[in-house]
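What the coordinates show
Each chain, written out:
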2 protein chains.
Amino acid sequence: MQVFEAVETLLAIRSYEEKSIPPETVTRILQAARLTASSKNRQDWDFVVVQRKESLQRLGELARTGSYIRDAALAIAVVVPNHPIGPVDGARAIQDMMLVAWEEGIGSNWVSNVNTAEVKAFLAIPEDRTLLAIIPFGYPTRDVGAGIKDRKPLSEIAHAEKYGQPYGD
Amino acid sequence: MQVFEAVETLLAIRSYEEKSIPPETVTRILQAARLTASSKNRQDWDFVVVQRKESLQRLGELARTGSYIRDAALAIAVVVPNHPIGPVDGARAIQDMMLVAWEEGIGSNWVSNVNTAEVKAFLAIPEDRTLLAIIPFGYPTRDVGAGIKDRKPLSEIAHAEKYGQPYGD
């Protein structure tokens, strides 16, 4: 899959087939994170790879907005330091993981609001680290189609030379 | 270019050929940002597209760590709201722009520490918005090679099921 096509079609997927992800594909997704650039090349991030059925089930219970984690074949918890650059670097790695998974036919979504004492304890994440997000992965249950998205037109978000001068493409 | 290849080879490029980027390619890079997912689909981001030679020069002077903006064919200033999710959403859009540009043979880099009164005034960015980064783009002056990167091994950053249990791929 070409890069632009992946960016264009990538959708948030919350419903997964009961089908496991090959180990080499899991590694490929992790390699995408590992190879991502970070501020000053700090690489101050950790990825907790959850594949046990009962653990996915439990994370689905604990994540307020991510009950569908229970149906995923894989969830990757992304851990960053507790300072502003941490989440920014983590977001770059997550984007790369989601795109590389998508190329393999695997859907995912970003589950936020998981940096709670309960979830951190369950994953044994140190208190002084931040759980930025949990990303569940799995093969989509439905045909994902052409990636039709609800987005603002370019003229609303792109400016020419100065803020406030609409960019005309 | 395939997605994994783009992630694997993407390098920070700070040295650009004196060659302009076709308008349709500039638009393609902006479309990558536009199509990116954001928290709750807020799309609360703005992209200031700078292509005037004298403006790029001035941004290079104003950006403490990004003097090389002066040599870029294009710079995109990414503006987000002043709350924690803003930079995270912005980072996702930036990652997509950098990957899509890379597919077109265009290098870029992330210039941070630009959210100063001077830079914001120059780009007419409202006071209550945050300038997350300026991303200069251009055709690389050197052969970018195979993307050899200085990265930690996977075993140092990936954990199996619980934090602290190294993931063996």
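The structure we're discussing is the one just above.
Please read these numbers as outputs of a predicted model, since none were measured by experiment.

1. As for the sheet that holds strand β2 (residues 74-81) of chain B
With mixed pairing, 5 strands are arranged side by side in an open sheet as β5(A)-β1(B)-β2(B)-β4(B)-β3(B). The open sheet has two free edges, formed respectively by β5 (158-160) of chain A together with β3 (107-108) of chain B, since each of these has just one partner strand.

2. Some details on the nonpolar core
One recurring pattern in soluble globular proteins: nonpolar side chains tend to sit buried together. Counting 127 residues, the largest nonpolar core has F47, L123 and F137 of chain A together with F47 and F137 of chain B as the members making the most contacts within it. Beyond its immediate sequence surroundings of up to four residues, F47 of chain A is in contact with L30, A33, I76, A77, V78, A93 and M97 of chain A together with I157, A158 and H159 of chain B.

3. Here we look at the relation of the copies chain A and chain B
Here chain A sits on chain B after a turn of 180 degrees about the axis and a move of 0.0 Å along it, with an RMSD of 0.0 Å. Those values place the two copies in the arrangement expected of a two-fold rotation axis. When the interface residues of chain A are mapped onto chain B, 100% of them again lie at the interface, so the same face is used by both copies.

4. A word on the interface of chain A and chain B
When the parts of a complex come together, some accessible area is lost, and that lost area is often used as the size of the interface. At the interface, 64 residues of chain A touch 64 residues of chain B. Here chain A meets chain B over a buried area of about 6,000 Å², counting both sides, of which 56% is carbon and sulfur. The interface formed by chain A and chain B contains 50 residue pairs in polar contact (both at pLDDT 80 or more). Residue assignment for the side of chain A that touches chain B shows that the elements contributing at least two residues are α1 (3-9), α2 (23-35), β1 (46-50), α4 (85-103), α5 (117-123), α6 (154-157) and β5 of chain A. Of the residues contributing to the side of chain A that touches chain B, the split by class is 35 nonpolar, 10 polar and 19 charged. Where β1 of chain A meets strand β5 (residues 158-160) of chain B, 3 bridges bridge the pair, whose relative direction is parallel. Across the sheet, V48 of chain A pairs through a bridge with H159 of chain B, a residue of β5 of chain B.

5. Examining the packing of α4 of chain A against helix α4 (residues 85-103) of chain B
Contact geometry of α4 of chain A with α4 of chain B gives a least axis separation of 8 Å together with a crossing angle of 50 degrees. In terms of their interaxial angle, α4 of chain A and α4 of chain B are classed as oblique. When you trace α4 of chain A past α4 of chain B, the crossing you get is right-handed. Here P87, V88, A91, R92, Q95, D96 and L99 of chain A of α4 of chain A come into contact with α4 of chain B, specifically with P87, V88, A91, R92, Q95, D96 and L99 of chain B.

About the thresholds
- Counting from 1, residues in each chain are numbered in the order their sequence is written.
- Labels follow written order: the first chain is A, the first ligand is 1, and so on.
- Side-chain atom pairs in this predicted model are given and counted only at pLDDT of 80 or more, local residue features only at pLDDT of at least 70, and totals for whole chains, interfaces and linings cover all residues.
- The side-chain values count all of the structure's non-hydrogen atoms but skip hydrogen atoms and water molecules.
- A pair of strands is considered paired only if DSSP assigns at least 2 bridges between the two.
- A run of H or I in DSSP becomes a helix once it reaches four residues, and a run of E becomes a strand once it reaches two; helices and strands are each numbered from the N terminus.
- As used in this record, nonpolar core signifies buried Ala, Val, Leu, Ile, Met, Phe, Trp, Tyr and Cys residues forming a set joined through side-chain atoms within 4.5 Å.
- The classification of residues rests on relative accessible area computed with a 1.4 Å probe and restricted to protein chains. Under 20% of the type maximum is buried, over 50% is exposed, and intermediate values are partly exposed.
- By the convention used here, residues are in contact when the closest approach between their heavy atoms is within 4.5 Å.
- Least-squares superposition of the copies uses the C-alpha atoms of those residues scoring a pLDDT of at least 70 in each of them.
- Two parts lose some accessible area (1.4 Å probe) when they are put together, and adding that loss for both gives the buried area.
- Between N or O atoms, a polar contact is any pair within 3.5 Å; within protein, one atom must be a potential hydrogen donor and the other a potential acceptor, and residues adjacent in sequence are included only when both atoms are from side chains.
- Here the term charged refers only to Asp, Glu, Lys and Arg, the term nonpolar to Ala, Val, Leu, Ile, Met, Phe, Trp, Tyr, Cys and Pro, and the term polar to all other amino acids, Gly among them.
- Between N-to-C directions, angles span 0 to 180 degrees; the directions come from axes that are lines fitted to C-alpha atoms, helices contributing only their stretch in contact.
- Reported orientations rely on four angle classes, namely roughly parallel under 35 degrees, roughly antiparallel over 145, roughly perpendicular from 65 to 115, and oblique for the rest.
- In this scheme, a crossing is called left-handed if the near helix is turned counterclockwise away from the far one by less than a right angle; it is called right-handed if the turn is clockwise.

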